[in-house]
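What follows is the residue order along each chain.
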Amino acid sequence: MVILHDIWNPWHGCVKCSEGCQNCYMYFLDRMRGQNGADIYQTKNGFSYPLQKDRTGHYKIQSGEQIRVCMTSDFFLEEANPCTLTW
């Protein structure tokens, strides 16, 4: 049995680069919220989320749990250069 824990988005926003991006759900949701999906920014949790612990000192994401990663962006964006992100 696969346990899906959560979604981890170290940053948000993307650049449309192909016809497949025409109906992007992230752009649609951002538009519904009055935001611009092309604005690329680091999220509040950034890269620390997988390492966060709960009140009892256990990791929030347990061994064996799966997470969806970068659902609102793309790891390969130049704007998301790891040298510019805070840990």
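See the structure above.
Scoring rules and cut-offs
Residues numbered from 1 in each chain as written. Predicted model: local features only at pLDDT ≥ 70, side-chain atom pairs only at ≥ 80, totals over all residues. Heavy atoms only, no water. Helix = DSSP H or I, 4+ residues; strand = E, 2+ residues; numbered from the N terminus. Buried < 20%, exposed > 50% of the residue type's maximum accessible area, 1.4 Å probe, protein only. Contact = heavy atoms within 4.5 Å. Areas by Shrake-Rupley, 256 points an atom, 1.4 Å probe, with all protein chains shown as cover. Disulfide = S-S within 2.5 Å. Phe/Tyr/Trp six-rings, centres within 6.5 Å; stacked < 30°, edge-to-face > 60°. Lys NZ or Arg CZ within 6 Å of the ring centre and 35° of its normal.

Draft legend 1. Quick peek at the overall build of the chain. Counting secondary structure elements, the chain contains one helix and four strands. Across the chain, helices and strands are ordered from the amino to the carboxyl terminus as β-β-α-β-β. The 87 residues of the chain split such that 28% are buried. Excluding contacts between residues fewer than 6 apart, the proportion of contacts in the chain whose partners are at least 24 apart in sequence is 74%. Only carbon and sulfur atoms are counted for the fraction: they give 55% of the accessible area of the chain, which is about 6600 Å².

Draft legend 2. Geometry of the state of the cysteines. Evaluation of the coordinates by the stated rule reveals zero disulfides. With no disulfide of its own, Cys-21 has Cys-17 as its nearest cysteine by sulfur position, at a separation of 4.2 Å.

Draft legend 3. Structural context of the environment of Trp-8. Structurally, Trp-8 is set in strand 1 (residues 3–8). Expressed as a C-alpha distance, the spacing of Trp-8 and Asn-45, which sit 37 residues apart in the sequence, is 8.6 Å. Excluding residues that lie within four positions of it along the chain, Trp-8 makes contacts with Gly-46, Phe-47, Tyr-49, Pro-50, Ile-67, Arg-68, Val-69 and Cys-70.

Draft legend 4. Up close: the packing of aromatic side chains. All chains considered together, the criterion is met by two aromatic pairs. When the centroid spacing of 5.4 Å and the interplanar angle of 45° are considered together, the rings of Trp-11 and Phe-47 count as tilted. In this pair, Trp-11 sits in strand 2 (residues 11–12) while Phe-47 sits in the loop between strand 3 (41–42) and strand 4 (65–69), placing the two residues 36 residues apart along the sequence. Of the two residues, Trp-11 and Phe-47, both sit in the buried class. Through successive ring pairs, a cluster of aromatic residues spans Trp-8, Trp-11 and Phe-47. Above the ring of Tyr-27, the side-chain terminus of Lys-16 is found at 4.5 Å from the ring centroid.

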